[in-house]
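Each chain, written out:
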Amino acid sequence: MSDSFVLDSHPAHYINPMVDLSKIKRVVFDMDGTIYKGGTLFPFTPKVFETLESLNIEYTFLTNNSSKSAKDYLKKILNLGLKATPDNITTSASATFFYLKEHYPDVKKIYVLGTASLREEFTDHGYEMIDEFNETEEPELVVVAFDTTLTYERLCKATYWIGQNKPYVATHPDTVCPTDLKTILVDCGAVQALIEDVTGRKPEAVPGKPDKDMIIGIMDKYGLKKDEIMMVGDRIYTDLEMARRAGVPGVLVLTGEATIETLKESGLTPELVLDDISVLADLLKRAKS
């Protein structure tokens, strides 16, 4: 990567000159660490979306965080003052539903290590929940997610069923969830590591980022080519890796987890490396003018 340079008042660390931003029709945004952090919206975010709307560029909010349902995320985005509809929201749970319908179409009874919000979303999709106190029924499949209400009993029960060789799917691989609080939010990937240490089993599938099907599904939905969509996020091993696998432009912003140092260590070279999404809005505006 080249040294950073100044684009108006914004520093840009790298821009691939081969990327034609004038072709972009939809921008896919990671959420936490990209447009907000924890419960705090970045001050530049509202203007970014105003710019996209003025350019007739559509957008999708994409998150690996499965502790909340798509309905919850829609409510959060609206409460933050941004515009969105259910059609704008894609989560790792959405990708998991698609995976299960395709690979386990007959499965109905499942054990979900996840929040009440996520379990309700699975119920809305036609699944029957097996809880840790049910000693008479067995789940046909186990789903492990980001459970902010995790209890020892529920963790032990999920691990037991996985140890009994029940099919096992995890929503996403993130080990830590970004936060603006003075704590560490242990995420789904860390729970997977614990379960593997106990049972020796990895999940059969992890449909969330960086699985390329998550963004390819968006491309198929809107009939987009690879050079008409871009993935924007703050994580190298999920956001950028998914863009690489799908062959679409990847944009790294430095408002969340990743730094220039960790990017160099990763060996990946995204198409753009920017301080924040406001720089991307300026670039798209220039390209479309």
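Residues numbered from 1 in each chain as written. Predicted model: local features only at pLDDT ≥ 70, side-chain atom pairs only at ≥ 80, totals over all residues. Heavy atoms only, no water.

Visitor: I would appreciate a short explanation of the nonpolar core in the present structure.
Guide: Inside soluble globular proteins, nonpolar side chains tend to come together where they are buried. Counting residues in hydrophobic clusters, the biggest one holds 37 residues, and the most contacted among them are V27, F29, I35, F61, M230, V232 and L284. Those elements that place two or more of their residues in this core are β3 (26-30), α1 (45-54), β6 (58-63), α2 (70-79), β14 (229-233), β15 (250-253), β16 (272-274) and α10 (277-288). Ranked by residues supplied to this core, first place goes to α10 with 6 residues. When neighbours within four sequence positions are excluded, L284 is seen to be in contact with L21, I24, V27, L52, L55 and I57. Y99, L100, Y127 and L141 belong to the second-largest nonpolar core, a separate cluster that totals 16 residues. (Core = buried A, V, L, I, M, F, W, Y, C linked by side-chain atoms within 4.5 Å. Buried < 20%, exposed > 50% of the residue type's maximum accessible area, 1.4 Å probe, protein only. Helix = DSSP H or I, 4+ residues; strand = E, 2+ residues; numbered from the N terminus. Contact = heavy atoms within 4.5 Å.)

Visitor: I tried to follow α1 on my own but got confused; where do I start?
Guide: Because an α-helix packs 3.6 residues into every turn, residues spaced three or four apart end up facing the same way. Where α1 is concerned, the buried positions are T45, V48, F49, T51 and L52. The buried side chains of α1 occupy one side of the element, clustering within an arc of 155° when seen end-on. Of the exposed residues in α1, those oriented more than 90 degrees away from the buried face are K47, E50 and S54. Residues of α1 that are buried make contact with β3, β5 (40-41), β6 and α10. Looking at the residues trailing α1, positive phi occurs at N56, about 60°. (Arc of directions from axis to C-beta.)

Visitor: Would you take a moment to explain the pattern of salt bridges for this structure?
Guide: Pairing is possible between side chains that carry opposite charge, provided their charged atoms lie close to one another. Taken as a whole and assessed by the stated rule, the structure comprises 18 salt bridges. A salt bridge links D174 to R235; the nearest nitrogen and oxygen atoms lie 2.4 Å apart. Of this pair, D174 sits in the loop between β11 (168-170) and β12 (176-177) while R235 sits in the loop between β14 and α8 (236-246), and the two are 61 residues apart along the sequence. Classification of R235 by relative accessible area gives buried; the value is 4%. Note that E241 is salt-bridged to R244, the shortest N-O span being 2.6 Å. Taken together, the residues span about one helical turn, with E241 and R244 both in helix α8 at a distance of 3 residues. Classification of E241 by relative accessible area gives buried; the value is 13%. A single salt-bridge network, built from bridges that share partners, covers D30, K209 and D239. (Salt bridge = Lys/Arg side-chain N within 4 Å of Asp/Glu carboxyl O.)

Visitor: In this structure, what is going on with the sheet that holds β11? I would like to understand it.
Guide: Each strand in a sheet pairs with another by means of backbone hydrogen bonds, the pair being arranged parallel or else antiparallel. The parallel open sheet is built from 4 strands, whose spatial order is β9-β8-β10-β11. One side of each edge strand has no neighbouring strand; the edge strands of this open sheet are β9 (128-129) and β11. The pairing of strand β8 (residues 109-113) with strand β10 (residues 141-144) spans 4 bridges and is parallel. Paired with I110 across the strands is L141, a residue of β10. Sheet strands in contact with helix α4 (residues 116-124) are β8, β9 and β10, and its direction is about 160° off that of β8. (Pairing = 2+ DSSP bridges. Axes fitted to C-alpha atoms, helices over the stretch in contact; angles between N-to-C directions.)

Visitor: I tried to follow the side chain of E241 on my own but got confused; where do I start?
Guide: Of note is the side chain of E241, whose polar atom sits 2.9 Å from the side chain of R245. Sequence-distant contacts of E241, defined by excluding residues within four places in its chain, comprise P210, I236 and L268. (Polar contact = N/O pair within 3.5 Å; in protein donor to acceptor, adjacent residues only side chain to side chain.)

Visitor: Would you mind going over the layout of surface pockets with me for this structure?
Guide: Remark: the empty space left among the atoms is shown by a probe the size of a water molecule rolled over them. Roughly 560 Å³ of internal volume is contained in the largest pocket. Every element with two or more residues in the lining of the largest pocket is listed here: β7 (89-91), α3 (92-103) and α7 (213-222). Ranked by residues supplied to the lining of the largest pocket, first place goes to α7 with 8 residues. Here the residues of the lining of the largest pocket sort into 10 nonpolar, 5 polar and 6 charged. (1 Å grid on protein atoms, 1.4 Å probe; cavity = no way out; pocket = protein on both sides within 12 Å on 5 of 7 lines; lining within 4 Å. Points joined across faces, edges and corners; volume = space filled by probe spheres on them. Nonpolar A, V, L, I, M, F, W, Y, C, P; charged D, E, K, R; others polar.)

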